[in-house]
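Survey of secondary and tertiary structure
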Amino acid sequence: MSTKQNTVDFILEQINSAGIVSAKKMFGEYALYCDGKVVGLVCDNELFIKITSAGRAFVGDCPEKQPYKGAKPCFFISGDKWDES
């Protein structure tokens, strides 16, 4: 299932205070960029953020999940948390 554009638009709106944010469509899914660096993915309308030590300190206890088969695990940010910019 491909990610819907309105999902990505909403996520970008929520994270716009983090820096210069953008998304690039790739194979029906999206890579999220902040200040020119890939920081996450939106796959099947689900949000995945690259795991870093700074990110772990910020989010604390967060579930991890693979965005697609064979991918490294990422922080999985459930849709009910997207309103918490």
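Keep in mind that this is a model prediction, so the values were computed, not measured.

Cut-off values and rules
- Residues numbered from 1 in each chain as written.
- Predicted model: local features only at pLDDT ≥ 70, side-chain atom pairs only at ≥ 80, totals over all residues.
- Heavy atoms only, no water.
- Salt bridge = Lys/Arg side-chain N within 4 Å of Asp/Glu carboxyl O.
- Buried < 20%, exposed > 50% of the residue type's maximum accessible area, 1.4 Å probe, protein only.
- Core = buried A, V, L, I, M, F, W, Y, C linked by side-chain atoms within 4.5 Å.
- Helix = DSSP H or I, 4+ residues; strand = E, 2+ residues; numbered from the N terminus.
- Contact = heavy atoms within 4.5 Å.
- Pairing = 2+ DSSP bridges.

Under the defined criterion, the tally for this structure stands at 2 salt bridges. The shortest N-O distance in the salt bridge between Arg-56 and Glu-64 comes to 2.9 Å. Overall, Arg-56 belongs to the partly exposed group, its relative accessible area being 38%.

Before going further, it helps to examine the nonpolar core. Most often, soluble globular proteins keep nonpolar side chains buried together rather than apart. Of all hydrophobic cores here, the largest spans 11 residues; its members are Val-8, Ile-11, Leu-12, Tyr-30, Leu-32, Val-42, Leu-47, Cys-62, Phe-75, Ile-77 and Trp-82. Mapped by element, the contributors of at least two residues to this core are helix H1 (5–15), strand E2 (29–34) and strand E6 (74–77). When residues in this core are grouped by element, the largest group, 3 residues, is from H1. Setting aside residues no more than four positions away along its own chain, Phe-75 makes contact with Leu-47, Phe-48, Ile-49, Lys-50, Ile-51, Thr-52, Gly-55, Arg-56, Val-59, Cys-62, Pro-63 and Glu-64. Membership of the second largest hydrophobic core comes to 7 residues, among which are Ala-31, Cys-43, Cys-74 and Phe-76.

Glancing now at the pairing of strand E1 (residues 21–26). The side chains of a regular strand alternate, first on one face of the sheet and then on the other. As paired strands, E1 and E2 are joined by 6 bridges and run antiparallel to one another. Residue pairing across strands places Lys-24 opposite Ala-31, the latter belonging to E2. Where E1 hands over to E2, the hairpin turn is made up of 2 residues, of which Phe-27 adopts a positive phi near 60°.

Coordinates in, geometry out; function isn't part of it.
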